[in-house]
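Listed here are the chains, written in short residue letters.
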Amino acid sequence: MDLSFPFLTELLHQLASVLPRVLVAIVLLVIGLILSRILSRFFRQILTKIGIDRFGEKLEKIDVVQNSKMEVKLSIFISKILYYFLVLLVIMVVTEIINIPTITGLIEKLINFIPKLVVGIAVLFIGLILSDMLRQTLLTVTTSLAIPSAKMISNGIFYFLLINVFVIALKQ
């Protein structure tokens with residue numbers, strides 16, 4: 001009596017052909033995550049030594065940011081973006097090895113979106129700093145000219161510019 005199960009044999013052959021790719025993918029995923037973390041920390045140290053956090057301190061002095069009680073550390077923010085970008089690249093490579101084109105395509109679209117996100121955030125930061133500088137200048141000028149509603153005028157211009165900066169940043 002022959003108790004042969006052809007579907008079970010076929011399933012085992014398919015598993016044997018896929019298993020090496022899955023093991024390679026797991027090893028690459030672990031190595032990639034470790035390298036991403038190391039590169040991110042190294043990049044954060046470089047940015048801290050360069051002194052990029054000074055720009056974050058300028059942002060913290062703006063009333064809108066002070067009221068939100070948000071601490072801005074650009075070195076941490078940029079290194080986190082780099083970390084997640086590298087993690088996405090690793091995941092894209094792993095899904096390509098395992099042969100999952102749908103997930104690979106989605107991650108590729110997400111990776112292509114990251115530069116637009118970075119540009120939008122940069123526009124927002126720069127616009128916020130420039131808007132605040134213009135507000136301070138306008139407040140000084142209108143106060144020195146003894147205009148009674150100097151603070152209201154400078155704040156109105158600031159928020160008008162801030163809304164425009166948000167719209168421009170969102171278009172990125």
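To be clear, the structure that these remarks concern was listed above.
Residues numbered from 1 in each chain as written. Predicted model: local features only at pLDDT ≥ 70, side-chain atom pairs only at ≥ 80, totals over all residues. Heavy atoms only, no water.

Undergrad: Looking at this structure, how should I read unusual backbone geometry?
TA: One can expect most non-glycine residues to show negative phi and most peptide bonds to be in trans. Here Asn99, not a glycine, exhibits a phi torsion of approximately 70 degrees, which is positive. The residue Asn99 is located in the loop between α4 (74-98) and α5 (101-144) in this model. Asn99 sits in the exposed class, given a relative accessible area of 51%. The backbone of Ala146 shows a phi angle near 60 degrees, a positive value even though the residue is not glycine. Looking at the element boundaries, Ala146 is found in the loop between α5 and α6 (150-171). (Helix = DSSP H or I, 4+ residues; strand = E, 2+ residues; numbered from the N terminus. Buried < 20%, exposed > 50% of the residue type's maximum accessible area, 1.4 Å probe, protein only.)

Undergrad: What am I meant to see in the environment of Ser36 here?
TA: Counting through the fold element by element, Ser36 comes out in helix α1 (residues 6-50). Taking the C-alpha atoms as reference points, Ser36 and Leu88, 52 residues apart in sequence, are found 9.9 Å from one another. Sequence-distant contacts of Ser36, defined by excluding residues within four places in its chain, comprise Tyr83, Leu86, Val87 and Val90. (Contact = heavy atoms within 4.5 Å.)

Undergrad: What should I look at first to understand α5 in this one?
TA: Because an α-helix completes one turn every 3.6 residues, residues spaced three or four positions apart along the sequence face the same direction. When the terminal C-alpha atoms of α5 are compared, their 65 Å separation across 44 residues agrees well with the 64 Å that a helix rising 1.5 Å per residue should span. Residues of α5 that are buried sit in contact with α2 (53-60), α3 (63-68), α4 and α6. Of the residues one or two after α5, Ala146 is the one with positive phi, at around 60 degrees. (Expected span 1.5 Å × (residues − 1).)

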